[in-house]
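Residue-level listing of the chains:
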Amino acid sequence: MPGLEFSFFNDPLSWFFVAVILTLAIPSLLFSYEYLKGKYSARKLILGQAATFAFVIAMLLVVTVRHIFVFLIFWELMSLLSYFLILFEKENERSVLAGTIYLVMTHVGTAFLAAAFFLIYKYTGAWDILAVKPALASLPLAQKNLLFIFLLAGFGAKAGIVPLHIWLPYAHPQAPSHVSSLMSGVMIKTAIYGMLRFIFFLLGAPAPWWGALILVLAAVSSLVGVLYALIEHDLKTLLAYHSVENIGIILFGVGAAMLFSQTGLTALSVLALAAGLYHLVNHAIFKGLLFLGAGSVYKATGTRDIEKLGGLIHNMPWTALFFLVGAMSISALPPFNGFVSEWLTMVVLFLGAMSLAGGLKILLALCAAALALTGGLAAACFVKAFGITFLARPRSHKAELAKEVPISMNLASGFLALLCLLLGLGAPLVLKPLMAVAGTVTGAPVPASFSPVDLFVFTPQPGSVIHLSPVLILILLAAIGGAAFLLFNLVWGRSKQTVGQTWDCGYYRLTPVNEYTATAFSKPFRIAFSFFLQPYRKIQAYKESHYHIRSLAYETRTKKIFGEFLYAPFVGLLFNSGKLFRKAQPGSIHLYLGYIFATLIVLLLFVRNI
Amino acid sequence: MTTNLYPMTQLILLIVLAPLVSGIITKIKNNLRLRKGPGIFQPYYNLAKYLAKEEIISEHASWIFRAAPYIVLSATVTAAALLPAGDLIALVFLLALGRFFLALASLDPASAFGGMGSSREMFISSLVEPVLLLVILGISLSAGTFGVRPMTFSAGLAAIALFLVTLAETGRIPVDNQETHLELTMVHEAMVLEYSGRSLAILELSAYIKQLVFFTLIASLLFTAQASILFFIIKLAGIATAVAAVELLVAKMRLFRVVDYLAFAGIIAFLSMIAIMLGV
């Protein structure tokens with residue numbers, strides 16, 4: 001391989017990703033110190049921390065190198081290091097399974113990428129992305145389409161786009177929590193970087209179906225992700241499914257940007273991509289925060305099953321508060337960051353629907369509806385995740401004995417929670433650099449007439465129809481709440497509060513068993529979406545006599561239709577063909593000698609023909 | 001100064017008059033049933049009574065339970081403040097904020113009723129949101145802005161969709177029933193079951209305001225040519241009568257039928273969008 005050179009990008013896109021990775025990596029590493037303490041041997045700790053550190057470095061290199069082949073090397077390094085980190089608790093059988101699935105899926109992705117990269121080299125004869133870009137411009141559309149499909153499949157497998165997402169809910173929860181937070185927060189974003197750099201930046205958006213396909217994938221990913229999250233009761237797996245969902249929301253921005261760029265709506269394209277990038281930063285931060293929170297809960301209670309948790313807000317007030325901030329951000333509630341970016345994505349889809357014609361109008365309207373449904377379901381999911389984990393009464397002894405985690409872990413979470421608030425309130429300041437980043441990708445300069453401040457003004461300017469001021473909303477919320485509080489206290493005096501029992505219909509002594517469970521909470525969703533989730537339940541009553549039931553066993557499972565109908569047949573085919581090959585290998589040395597002889601003859605004939 | 005004062009007066013009027021709308025609906029219902037029923041000011045008497053009463057708070061509840069009423073109130077009022085020409089998308093998100101905290105607060109006292117209400121409320125609202133957004137998108141498509149504009153066939157369709165959504169969002173039959181305390185049927189009432197005294201008053205007031213916000217949205221889709229305050233009040237009265245009539249004529253649905261109901265609303269909202277694109 002001639003000339004493997006290490007030159008780096010020095011453009012806003014790469015710097016943006018470096019900033020995102022570092023913003024999450026630093027608190028995660030701070031968190032890891034106390035989190036890992038006392039659980040593992042010193043040697044394993046050093047090894048784990050070194051691997052985590054190398055993993056971060058590999059990600060930083062992935063988003064900066066210019067040489068395509070070097071990119072592939074670091075991409076692979078990043079994948080392998082994360083594979084080792086998933087196997088950190090290799091005693092656990094689930095870790096091994098998760099690692100294997102991850103390794104297979106990530107290499108399917110890498111195979112597509114390698115194919116795409118070699119095709120690029122074949123077409124252009126260059127490895128440097130900047131040198132490749134002009135050479136690719138004159139490529140016929142058919143070849144570009146082929147490259148697009150390969151790159152989309154390759155990066156899609158890493159990003160966890162449905163239906164290539166199946167590894168994600170296995171792999172992310174098995175790693176130690178700070179690594180989960182890095183994997184979900186930033187590693188899958190390197191795939192978004194890849195899409196932006198290799199598809200949007202290199203190939204552009206020559207056909208409208210590229211953007212449309214990404215929008216459809218976005219809608220499917222976000223809905224599938226959130227539906228699986230709703231019925232999931234392992235806290236970290238739930239969060240992993242939300243990563244699938246949020247990658248979908250980011251792709252709404254990316255897909256819309258490609259569509260607008262192709263149809264000549266340059267300014268809107270920049271805004272759409274900026275919305276996607278905004279959600280990318282936000283997701284990195286709140287998902288990182290939520291995974292750290294889940295880690296704190298796991299550290300304090302030793303379980304990730306939310307059915308065994310409850311009441312943690314009393315013993316772990318800080319963890320609860322920071323997790324609540326993360327939950328509000330991911331549910332797009334004002335005034336936090338998720339609200340601003342989802343609002344912006346929604347606005348972009350609306351503006352697109354108003355500007356485009358015909359079928360594309362309908363597509364964007366349906367995308368907006370899908371995004372709204374996703375938002376609603378995500379809020380429901382986090383009412384469940386936060387409510388069942390932190391509120392009400394402890395459902396197990398472990399949860400009862402939970403203690404607040406050490407201060408360094410809370411510092412890491414608190415820092416990210418603060419960022420959630422600041423990125424929400426400082427929207428105009430954040431959007432400006434994001435527009436510059438988006439401009440380098442779409443190739444169009446940021447329209448001079450457009451200033452992001454217009455979107456976030458206190459009162460609408462003439463001509464600007466959409467406006468939202470997160471700061472104003474926070475002020476209004478605080479002022480109205482405060483005014484109501486003062487008014488009621490002044491007129492009616494302080495409210496007399498008595499602590500009493502929860503209403504129990506006169507039965508006395510409710511126990512935690514009487515509480516609503518996560519399974520019960522998600523039941524309406526399981527039933528309403530049963531066409532997709534395919535729930536199965538088994539109720540078994542253990543009777544003492546004909547009239548009295550001693551106990552009930554309730555079991556509910558859902559069919560993972562992608563695993564069952566897409567991957568299982570494929571794996572079955574692989575095994576069956578393996579069995580066929582086994583027939584050719586019966587263990588007889590005579591037969592093997594015969595094979596060698598036959599091969600020799602075929603080769604000789606082959607050589608003679610040449 | 002007058003331009004700044006006008007929305008402020010409007011907001012205060014909206015808050016003050018919100019309980020009256022509920023009182024009127026109850027009155028209409030009772031008259032149609034040939035009953036006497038409480039006067040139209042009964043909601044105010046209730047609020048005044050609750051505000052002065054002692055609160056009983058569950059021993060298991062945390063600060064979320066105590067803070068939730070104020071958060072719900074301020075989120076609802078902020079949403080109402082966006083009404084005249086504000087950004088309707090943000091309005092949806094703000095209502096979601098209030099709902100999120102109410103759903104958490106109802107889980108907080110460790111009662112099964114609260115959990116039931118919380119789960120059902122989040123279920124219904126997650127299906128309501130896309131319909132609401134489609135209606136808003138329809139409005140924006142027809143007007144070119146996110147404000148509210150003239151009466152067309154499509155606006156009529158959007159109003160119907162919005163009316164169906166309003167019934168779901170304000171806890172009315174056929175989706176929920178404000179008059180019941182039967183655990184099998186309640187949604188909103190189950191969520192506020194543990195609340196008493198001042199907190200209950202605040203939550204009830206928020207529910208009234210939210211109801212008037214939705215009524216105002218519907219009213220601003222209908223016959224917008226006449227912009228007088230009097231005509232607006234007539235429209236509100238018409239909507240209130242329609243809500244009362246529906247509550248009397250229709251039976252409450254099973255929870256899982258709500259999916260079909262809201263899907264129907266969604267289809268109407270989508271049709272209104274297509275009507276806009278066809279220019280009617």
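Details of the structure are given in the entry above.
Note that the coordinates shown come from a computational prediction; the quantities given were computed from them, not determined experimentally.

**Brief notes about the interface of chain B and chain A**
Taken together, the contact between chain B and chain A spans 71 residues of the former and 76 residues of the latter. Taken together, the two surfaces of chain B and chain A that pack against each other cover about 6400 Å², and 77% of this comes from carbon and sulfur. The tally of links between chain B and chain A comes to zero salt bridges. At the boundary of chain B and chain A, one finds 17 residue pairs in polar contact (both at pLDDT 80 or more). At 18 residues, helix H5 (residues 112-143) of chain B tops the list of elements feeding residues into the side of chain B that touches chain A. Its residues assigned to classes, the side of chain B that touches chain A comprises 48 nonpolar, 14 polar and nine charged. Inspection of the sheet shows strand E1 (residues 497-500) of chain A paired to strand E1 (residues 55-58) of chain B by four bridges, in the parallel sense. Its bridge partner lying in E1 of chain B, Val499 of chain A is registered against Ile57 of chain B.

**Section: the pattern of salt bridges**
Residues and elements named next belong to chain A. Scanning all chains against the criterion turns up 17 salt bridges over all chains. When the shortest N-O distance is used, the salt bridge between Asp128 and Arg66 registers 2.7 Å. Residue Asp128 is located in the loop between helix H4 (93-124) and helix H5 (129-137), and its partner Arg66 is located in the loop between helix H2 (42-62) and helix H3 (68-86); the two are separated by 62 residues in the primary sequence. With a relative accessible area of 16%, Asp128 lands in the buried category.

**Observations regarding the packing of aromatic side chains**
Summed over all chains, the structure comprises 38 aromatic pairs over all chains. With centroids separated by 5.9 Å and ring planes inclined at 75°, the aromatic side chains of Phe71 of chain A and Phe117 of chain A adopt a geometry described as edge-to-face. Of the two residues, Phe71 of chain A is situated in helix H3 and Phe117 of chain A in helix H4; the sequence distance between them amounts to 46 residues. The pair Phe71 of chain A / Phe117 of chain A is uniform in exposure class, with both members buried. Ring geometry for Phe65 of chain B and Tyr195 of chain B: centres 4.2 Å apart, planes at 0°, overall stacked. With Phe65 of chain B in helix H3 (residues 63-81) and Tyr195 of chain B in the loop between helix H7 (188-191) and helix H8 (197-219), this residue pair connects regions lying 130 residues apart in the sequence. Of the two residues, Phe65 of chain B and Tyr195 of chain B, both sit in the buried class.

**Comments concerning helix H13 (residues 317-330) of chain A**
All names here are of chain A. For H13, built from 14 residues, the straight-helix expectation of 20 Å at 1.5 Å per residue is met to within 8% by its first-to-last C-alpha distance of 20 Å. Burial analysis of H13 places eleven of its 14 residues in the buried class, the great majority of the element. Those residues of H13 that fall on the buried side of the exposure criterion are Thr319, Ala320, Phe322, Phe323, Leu324, Val325, Gly326, Ala327, Met328, Ser329 and Ile330. Directly after H13, the chain includes Ala332, whose backbone phi takes a positive value near 60°.

Rules used in this analysis
Residues numbered from 1 in each chain as written. Chains lettered and ligands numbered in written order. Predicted model: local features only at pLDDT ≥ 70, side-chain atom pairs only at ≥ 80, totals over all residues. Heavy atoms only, no water. Contact = heavy atoms within 4.5 Å. Buried area = accessible area lost by both parts, 1.4 Å probe. Salt bridge = Lys/Arg side-chain N within 4 Å of Asp/Glu carboxyl O. Polar contact = N/O pair within 3.5 Å; in protein donor to acceptor, adjacent residues only side chain to side chain. Helix = DSSP H or I, 4+ residues; strand = E, 2+ residues; numbered from the N terminus. Nonpolar A, V, L, I, M, F, W, Y, C, P; charged D, E, K, R; others polar. Pairing = 2+ DSSP bridges. Buried < 20%, exposed > 50% of the residue type's maximum accessible area, 1.4 Å probe, protein only. Phe/Tyr/Trp six-rings, centres within 6.5 Å; stacked < 30°, edge-to-face > 60°. Expected span 1.5 Å × (residues − 1).

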